[in-house]
Amino acid sequence: MSAGSGSLSGLGSAASPQVLRERARVIVGRGETMLDGAGWGSQAERALHEAWRDEPGLLGFLKTTDHKRIGRRFVVTSFAFFVAAGILAAVMRMQLALPDNHVVGPDLYNQIFTMHGTTMMFIFAVPIMQGMAVYLVPLLVGTRNTAFPRMTACAYWLFLFGALSLWTGFAINAGADAGWFAYVPLAGPQYGVGKREDIWNNLINLSEAMGLMVAVDLATVILKMRAPGMSLRRMPIFVWASLVTSMMIIFAMPSVMLAANLAQFDRTFGTHFFNPAEGGDVLIWQHLFWFFGHPEVYFIFLPGLAFVSSIIPTFARRPMFGHDAVVLSLIATGFLSFGLWVHHMFATNLPEVGKGFFTAMSLLIAIPTAVQIFCWIATLWTGRIDLRTPLLFVLGFFVILVLGGLTGIMVGSVPFDLQVHDSYFVVAHLHYVLLGGAVFPLFGAFFYWFPKFTGRMLDERLGRWQFWLFFVGFNVAFFPMHLLGLAGMPRRIYTYGAETGWGTLNLIATIGAGVIALSVLLFIVNVVRSGFNGARAGDNPWHASSLEWATHSPPPAFNFVVLPVVASREPLWTREADEPTHVSGLSAQTREGLVTTVLDALPDVRYSYPEPSIWPFIAAITVVGWLFWSNMTETGMFYGLIPPAIAFVAWYWPTRKETVEQLLLERKP
Amino acid sequence: MIGGLHDVQAPAGAQAQAIVGLWHWLLPICTFVFVAVMIALGMALWRAPRAGTDTAPDVALLSKREPRVTRVVIAAVAVSTLLLLVLLAVSVMTDRALAQLPLENALHIELTGYQWWWEARYDDPDPSRMFTTANELHVPVGRPVIVTLVGADVIHSFWVPSLAGKKDLIPGRDTTVSFRADRAGVYRGQCAEFCGYQHAKMALYVIADPPDDYARWAERQRAPAAEPSTDEARRGRDLFLARSCAMCHAINGTTAQARHAPDLTHVASRMTIAAGALENTPSNRTAWILDPQQIKPGTKMPSENIAPQDLAALSAYLASLQ
């Protein structure tokens, strides 16, 4: 490899251009084979547009493998479900505003809180974080697409159909009603009658399949497709967090899929995995569920931390203080989060000495988060601050997350947890952690990256109003719940008597919920207005340092007209004149990318991305069909597998065009 | 009026008292940390100079050490770790205190959770002195109580905040919880593990009586139901035994011995009916018999079509079950 004039050119020893052109004319019939590396406005750029273009119309919409379109879909879809689940929360708050209230009855209330929790955890929080990563990670590491774009496309469709089926069930009075945790035996065949829990188990299968597919894809991009020069030491914190999160998902999600399938076997085939009368054990469900469920909290939370770590350096106008410590903290959190699950089970009859271990772990995991908080404060302390809306949300995150983290330390202690477990204290705690740790940074991230997504800025003034309404409304809604929990109010009750004395605080909480609703509405207004009329953003409106800002806003389908080369941790802040800035020598006429080595990101091999395909979409439909068929009849479990088998074979069937192109581009070393 | 104390911060027994002791460590330490972090954040914002978006970033810091800030951050992490260790120690010590509740001469109760009510069987070495009641425990002040927890259908959870922390009633995994009430009073508890439709209306009252009162109460509970004294009440008993009531409920001293619903031998002596859903008054009892699905939708008690005079007789009989 030789560094030419400002570029790293030539991958392998190329055949002479004349020979290439000749072969291209003969085999592909496209005229000249063109290499990229010529920059914006060149002929190569036009070729890239042609090679990466999706066909127009519905078919192109269904076939696309563009990580930005898919990531945007994830974000928009899961945000829509966030709003839907938020409306359910408002209904719950209205029901609980007064003692003995009659807004909804117990059956509907139980469906509503189950739908709220299930939607927020499985259909909002995980997919929206993964969607942000699907959009941003290839840009942040300077490549043209995710590693397995068809798989990510399929993951989106699985997720969409799973989410829609859950909500269709709810619409026809078959909404899951055993809680987002679906404890057996309540969700088992004997007490969870009807199809409600079958639909819930299907959603778990589909959304976890989605999570795993996206996680594998992201981990591969991050480890193998980073821009040349982006060694692990130079990898942005957001990418680190995505890597840790993806690894956690790969280890955690199979656990809940297994549990959901065992539960479904109990329901469909009459097995007895969770039936104590036949030698099963109901606690196994809780172990399998929380072995996933606790890490899940952290794979919602780590991307939130990563948003914060992306926003703070940009608006403090300096590199992150303690970059390495922050990265190590993320990794440590990833590992420790697998040692906490029993703290959801302190009230069960597990051995007391063992529970003490989980108290120690629950306190220990506070340390890596503390390290990050101190590093952020140090970054702000020594920086020069530009107090824009993204940073405002980060400051709100500090207040709420620190409070939620401290109540987390409280509930991590076995004896104290025995009092507040399954009470409103925990409701308060989890909303402080999840909204504080994930949703506040997420709104900050929307304000931060909206210019990149759309090419337009979100309105600052509306953003400030939204922030203050959200911040105040949040605290009014959720702080009183701490007190309600201490006053003995359990979770998941659809009503309470006046004699309990819980009325006043519940009314206050309901008012706060109304203010939150208003702030979310303002955000939607802001997105719609600014999406059409917002100020033009330009490539890098915040003068930030990472690679996503090196391309147009919104980025073209191929992301970068030239693949960047990275020589520092803050590539856009530290461009040296005598360093190579980009790679050249990839085909501009086909979808080609560069695979680099895991540790140092040295160029390794070229990689041909798959063409768009309709089969991921069809495969997703067949899988969903199989799941529902298997809920209806036992035989569906087997015959229902035939359509997915056909779809997946068709998915991998090579096309003549791809084969010819790849032969054409092949080089002998 | 029904009611009762249910407040984590107002303990009335040794176990809840120990946990409040822990809370008195947790709350100030966590408040201190919160305030300290907020002050640090506020000062960072206050002292850092303002910049615009196009302010040149301070990239020199990429290759520079910042020893002073590093020392402060390390010190903050060290202090946090130290405080966590303190909390861990206090937590473990509280755990020990909870496990060391003296249990000599303890009262044994077997509490079974059903959808959506509680059955309590007071154990005794002499089987003839055992008795069963529902949704309401009486315990003697100052004497430890060992409650064996049995989940009959789905998972429930025992929680009486003023007396003790939670313990789940898990089908197939019987367990125990021990507590001691140190002050006389009425303590309200409620199922704390989501258990279906009427999870909200599954209260459990614990009434701590002075030992003599408790002994009198227990003696009365051991007695079979009194023979009704009026004709109407007698007719009510016959109706109770002839109709579907006796298929689920038990009344000692009669042929009604089913165990699918609360034991009604001394139902009129209780504070509430339907697991805390209603105050135990004659009119509430008749309303409940007429249309339980209106009051507690989903309850296993069916609505009955009863003629008014029959209802009055049943009501008179129930009122006699003191």
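Given the structure is predicted, the values throughout are model-derived calculations rather than measurements.

Student: Quick question: what am I supposed to make of the domain arrangement of chain A here?
Tutor: Many analyses report the size of an interface as the accessible area lost when the parts associate. All names here are of chain A. Considered domain by domain, chain A is made up of domain 1 (1-63 + 558-570 + 583-669) and domain 2 (64-533). Just the C-alpha atoms count here: the centres of domain 1 and domain 2 sit 33 Å apart. Opposite the 57 residues of domain 1 that make contact, domain 2 presents 51 residues. Of the roughly 4500 Å² buried between domain 1 and domain 2 on both sides combined, carbon and sulfur atoms contribute 58%. Summed over the three residues of domain 1 that lose the most area to domain 2, namely Asn-559, Arg-569 and Asn-631, the buried surface amounts to 15% of that side. On inspection of domain 1 and its partner domain 2, the count reaches 3 salt bridges. At the junction of domain 1 with domain 2, the criterion picks out 31 residue pairs in polar contact (both at pLDDT 80 or more). At the level of secondary structure, the elements contributing two or more residues to the side of domain 1 that touches domain 2 comprise helix 2 (43-52), helix 3 (57-63), strand 3 (563-564), strand 5 (592-596), strand 6 (603-608) and helix 18 (615-632).

Student: How should I be thinking about the layout of surface pockets in this particular structure?
Tutor: One way to see where empty space is left: roll a probe the size of a water molecule over the atoms. All names here are of chain B. By volume, the second largest pocket is sized at about 750 Å³. What lines the second largest pocket is a set of 36 residues, and nearest its centre among them are His-249, Ala-261, Pro-262, Trp-288 and Met-301. By residue number, the principal contributor to the lining of the second largest pocket is helix 5 (residues 282-290), which donates 3 residues.

Student: Explain the interface of chain B and chain A to me, please; I cannot follow it from the model alone.
Tutor: Contacts between the two partners involve 87 residues from chain B and, on the opposite side, 90 residues from chain A. Of all residues in chain B, B:Thr53, B:Arg173 and B:Phe194 bury the most surface against chain A, accounting for 10% of the area lost on that side. Scanning the region where chain B abuts chain A turns up 3 salt bridges. For B:Lys167, the salt bridge identified is with A:Glu352, shortest N-O distance 3.5 Å. At the boundary of chain B and chain A, one finds 26 residue pairs in polar contact (both at pLDDT 80 or more). Counting residues per element, the ones that place at least two in the side of chain B that touches chain A are helix 1 (14-47), helix 2 (67-99), strand 7 (164-169) and strand 9 (185-190) of chain B. In terms of residue class, the side of chain B that touches chain A is built from 51 nonpolar, 20 polar and 16 charged.

Student: Got a minute to help me understand helix 8 (residues 237-269) of chain A in this structure?
Tutor: Since the α-helix packs 3.6 residues into each turn, any two residues three or four apart lie on the same face. For helix 8 of chain A, spanning 33 residues, the distance from its first C-alpha to its last is 47 Å, which sits close to the expected 48 Å at 1.5 Å a residue. With 25 of 33 residues buried, helix 8 of chain A lies mostly within the body of the structure.

Student: Help me understand the pairing of strand 5 (residues 145-151) of chain B in this model?
Tutor: A regular strand carries its side chains on alternate faces of the sheet. Residues and elements named next belong to chain B. Counting buried positions along strand 5 yields 6 of 7 residues, so the element is predominantly enclosed. When strand 1 (residues 107-114) meets strand 5, the two strands line up parallel, connected through 7 bridges. Bridged to Glu-110 within strand 5 is Thr-148. Here strand 5 runs beside strand 8 (residues 175-179); their pairing, made up of 5 bridges, is antiparallel. Across the sheet, residue Leu-149 finds its bridge partner in strand 8, namely Thr-175.

Student: Help me understand the environment of B:Leu318, please; the structure alone is not making it clear to me.
Tutor: Residues and elements named next belong to chain B. As for its placement among the helices and strands, Leu-318 is situated in helix 7 (residues 308-320). The exposure class of Leu-318 is buried, given its relative accessible area of 8%. Separated by 82 residues in the primary sequence, Leu-318 and Gly-236 place their C-alpha atoms 8.0 Å from one another. Ignoring any residue separated from it by four or fewer positions in sequence, one finds Leu-318 in contact with Leu-264, Val-267, Ala-268, Arg-285 and Ile-289.

Student: What is the right way to look at the side chain of A:Thr114 in this model?
Tutor: All names here are of chain A. Tracing the backbone through its elements, the reader meets Thr-114 in helix 5 (residues 106-140). The exposure class assigned to Thr-114 is buried, which follows from its relative accessible area of 0%. At 2.9 Å, the side chain of Thr-114 and the backbone nitrogen of Gly-179 are in polar contact. Once residues lying within four places of it in the same chain are set aside, the contact partners of Thr-114 are Ala-176, Asp-177, Ala-178, Gly-179 and Trp-180.

Student: Even after reading the chapter, I still don't get the sheet that holds strand 9 of chain B, so can you show me in this structure?
Tutor: Note: strands within a sheet are paired through backbone hydrogen bonds, in either parallel or antiparallel orientation. All names here are of chain B. Strand order across the open sheet formed by 3 strands is 4-10-9, with mixed pairing between neighbours. Both outer strands of the open sheet, strand 4 (136-140) and strand 9, are each paired with one neighbouring strand and no more. Pairwise comparison of adjacent strand axes, ignoring direction, gives a mean angle of 25° for this sheet. Alignment of strand 9 against strand 10 (residues 203-209), held across 6 bridges, turns out to be antiparallel. Bridging across to strand 10, Gly-185 finds its partner in Ala-208. The strands touched by helix 3 (residues 211-222) within the sheet are strand 4 and strand 10, with strand 4 carrying the most contacts at an inclination of about 135°.

Cut-off values and rules
Residues numbered from 1 in each chain as written. Chains lettered and ligands numbered in written order. Predicted model: local features only at pLDDT ≥ 70, side-chain atom pairs only at ≥ 80, totals over all residues. Heavy atoms only, no water. Domains from an automatic or database assignment. Contact = heavy atoms within 4.5 Å. Buried area = accessible area lost by both parts, 1.4 Å probe. Salt bridge = Lys/Arg side-chain N within 4 Å of Asp/Glu carboxyl O. Polar contact = N/O pair within 3.5 Å; in protein donor to acceptor, adjacent residues only side chain to side chain. Helix = DSSP H or I, 4+ residues; strand = E, 2+ residues; numbered from the N terminus. 1 Å grid on protein atoms, 1.4 Å probe; cavity = no way out; pocket = protein on both sides within 12 Å on 5 of 7 lines; lining within 4 Å. Points joined across faces, edges and corners; volume = space filled by probe spheres on them. Nonpolar A, V, L, I, M, F, W, Y, C, P; charged D, E, K, R; others polar. Expected span 1.5 Å × (residues − 1). Buried < 20%, exposed > 50% of the residue type's maximum accessible area, 1.4 Å probe, protein only. Pairing = 2+ DSSP bridges. Axes fitted to C-alpha atoms, helices over the stretch in contact; angles between N-to-C directions.

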